[in-house]
Amino acid sequence: MVQTPIRTVNRQQRAFNQFLAIFSFLAVPLLLYTVWVIYPTFRTLYLSLTDWDGLPGPINFVGLENFQRLITEEPFQKSIVNNILWIIVFITVPTSLGLGLAMVLNTEVKFDRFLKVAYYLPLVLATVVAALVWARGVYSPREGLLNSFLALFMGDAAYKIQWLGDPNLAIWSVIGAAVWRQVGYVMILYLAGLKTVDAEVLEAAKMDGAEGWTLFRYMVFPMLAPVTTIVVVISVIDSLRSFDMVNIMTRGGPFDSSNVLANYMYLSFEDYRMGYAASIAVVLFAISLVFIFFYLREVMRQEEGQ
Amino acid sequence: MKKWLLVALGAVVAGAGAAAVMAQGSGKLVYNSNGSDPAVRKFDEEQVARFQKAYPGINVTHNTVDHEGFKTAIRTYLASDNPPDVLTWFAGNRMRAFSERGLAADIGDVWQKNGWTKAFPKGMQELSKSNGKFVFVPTNYYWWAVYYRKDIFAKLGLKEAQTWTQFLGLCDSLNKAGITPILTGSKFLWPLGGWFDFLNMRVNGPKFHFDLTDGKIPYTDARVRRVFTYWRQLLDKKCFNDDAASLDWQDAAAVMTAGKGGMYLMGDFIRDQWKDGLEKSQLDFFRFPIIDSKQPVGEEAPTDGYFLPAKAPNLENAKLFLGYIAGKENMEAGVKELGRLAPRSDVDASLYAAKPQIGKAQKTIIDRADAIAQFYDRDTDPEMANIGMKGFQEFMSNPSQLDAILKRLEAARARIFR
């Protein structure tokens, strides 16, 4: 009876010490995080309500004017439509291709190591390099790989195709190059996922007569569900982040036909429209937040499950 | 006696030496430059080295920043409490954007001390002032013209065009010979600014053009619309390469060096695209053809130079640096090494004679000009320039969209210049 309060004090003391220890370990990263992430986030929110042009002097507060303009202006509309196209393509094409490759390479295939590396290699390449290779080497109308190949069937007319210069083609060409890069990434994620699929369960299913498509459809794919969620969310976030491919290959042109939000934001910064660019950043942030929420929830659920 | 004299003499010499060091400045100097192109960079380093030799007391830090990146970075420099002491920059609207906010130091004393008011022509002096004060000093400029393959022209018996009709004729002849008449690369938009500037100045005169770039005239004005009818004639005759939007300006120049294109509206820096001295036998230029002979003639001659941030920590050293950079000797070195036009009128004329293109440009373009423009993206607001040039690019793809395009440009103008 007498000892109880002492123990409580001890416990409190210990809890406090523990807190102190944790805090002192966290202090440095927290400080860095505050300076480099939290402060800039709020600063951007604030700037999005101004018409600041990057020069010293008083900053004009304009309320929601930037956002009103965003909605009415064509470059923003085109950018957001292109971002949506990008998302739709990204959660379907590289995802299924990557899954297909993973399924094939997970079985006993000759040269599977080489093939895995080969498919993954584009991702190792810096995006800027990949973008330049596609813009200069593949899509270039006069000497690009694609038109030279098409010329075998179409003759000289092929050299007239402007993969990046035609406003109707540009965004598809850029997304095409981005898909090429993404497939290997998705493949690796699924390959890792397939390693966790319980072989005994599959064995049992085979005993019950499931094979081929049925085995995949009703056994493997459902068991890959957590991976699929992550792949889809990553694809969406990558689509929203898409910037370097667009900036290098087309700069969003011709006349914004291949622009995306991140690149439009960057070009606005270049025009010294800091406030306006900040408002694009806020929109992008808001959209990303929704998907990041799903992603984190899925990751946390998996970690708790283990 | 002798010893005493020696000591006295020594003291005098030492004193004079000390005084000289004082006059030549001491301490630090930070110079940020946008001269990132190889040739320019080499010259830039040389001029800093020469300055350093003349002023050994000053410790110069020279930073070279990529030309495009510099345009954004400069705002960060100016926002800082400790900016670089000397910055490269562009005359015109781009300079006014800073000077009107009091971000550029008054360098009237540098102009006076170095006698520049006598050495620079009036036009250049006006270009260097803001609200009557000197804030800028020009160090070089170049001209824009229609560049052409003179070997191809000679083979086809073609002549430089003086008038619009002759120009259209060149277009037909080259097309008939299977050569793309006019090249341009609009991936980075700005080459189209040159087309708009020249057409507008030729059709409506330079005064109208400056009013437009100053935001005083709506883009929906019938006179602006008329400019595009001339542009349209070139499109209808298929004068331009049809892959312009896929190419940057150098890609398009490569088509010309390969002998597949005839003409290119460009600044004189196009010369650097020719290697091994081939430009001597292949490259020549003529003044943009006259459309309305009643209009005064405006030309494009973008001017580059220097200014000092108002908060420059080593202002006195910076002024010494400017005095050297824009001095006669250094500018003559620039003419010799870079083939630049020097804005000073007292530059040794024999140097120009050694570069035939400079003589030709002076005689046929600059001396005949009634007005000089800086270029679309330097004369107007940067955002307006970008929206405008995007509009020009769209016009070249879809000329039928002209009305919608002009309406959009007008909406932007009304907002930006409110």
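The model shown is predicted, which means the values in this text are computed figures rather than measured ones.

Peer 1: Is there a simple way to think about the sheet that holds strand E7 (residues 144-149) of chain B in this case?
Peer 2: In sheet architecture, strand pairing relies on hydrogen bonds along the backbone and comes in two forms, parallel and antiparallel. Residue and element names in this part refer to chain B. Spatially, E8-E9-E7-E10 is the arrangement adopted by the 4 strands of the open sheet, whose pairing is mixed. Lying at the two open borders of the sheet, with one neighbouring strand each, are strand E8 (180-183) and strand E10 (283-286). Averaged over neighbouring strand pairs, the angle between their axes works out to 25° when direction is ignored. When E7 meets strand E9 (residues 261-267), the two strands line up antiparallel, connected through 5 bridges.

Peer 1: Would you take a moment to explain the interface of chain B and chain A for this structure?
Peer 2: Interfaces are often sized by the accessible area lost when the parts come together. Residue-level contacts link 19 residues of chain B with 20 residues of chain A. Listing elements by their share of the side of chain B that touches chain A, those giving two or more residues are helix H3 (67-79) and helix H19 (382-397) of chain B. The element contributing the most residues to the side of chain B that touches chain A is H19 of chain B, with 7 residues. Along the lines of polarity and charge, the residues of the side of chain B that touches chain A split into 6 nonpolar, 5 polar and 8 charged.

Peer 1: Mind showing me how you'd approach the sheet that holds strand E6 (residues 137-141) of chain B here?
Peer 2: All names here are of chain B. In spatial order, the strands read E2-E1-E3-E12-E6; together these 5 strands make up an open sheet with mixed pairing. Each having just a single partner strand, strand E2 (58-64) and E6 make up the two edges of the open sheet. Across the sheet, the mean angle from the axis of one strand to that of its neighbour is 25°, orientation sign disregarded. Across 7 bridges, strand E1 (residues 27-33) lies against E2 in parallel orientation. Bridge assignment links valine 30 to a residue of E2, and that residue is threonine 61.

Peer 1: What should I look at first to understand unusual backbone geometry in this one?
Peer 2: In terms of backbone geometry, most residues other than glycine have negative phi values and most peptide bonds are trans. Residue and element names in this part refer to chain A. For the bond from glycine 253 to proline 254, the omega torsion is -10°, close enough to zero to count as cis. As for its placement among the helices and strands, proline 254 is situated in the loop between helix H11 (244-249) and helix H12 (261-270). In the Ramachandran plot, arginine 251 falls in the positive-phi region, its phi being about 55° despite a non-glycine side chain. At phenylalanine 255, a residue that is not glycine, the phi angle is positive and equals roughly 30°. Here phenylalanine 255 is to be found in the loop between H11 and H12.

Parameters and conventions
- Residues numbered from 1 in each chain as written.
- Chains lettered and ligands numbered in written order.
- Predicted model: local features only at pLDDT ≥ 70, side-chain atom pairs only at ≥ 80, totals over all residues.
- Pairing = 2+ DSSP bridges.
- Helix = DSSP H or I, 4+ residues; strand = E, 2+ residues; numbered from the N terminus.
- Axes fitted to C-alpha atoms, helices over the stretch in contact; angles between N-to-C directions.
- Contact = placed C-beta atoms within 7 Å.
- Nonpolar A, V, L, I, M, F, W, Y, C, P; charged D, E, K, R; others polar.

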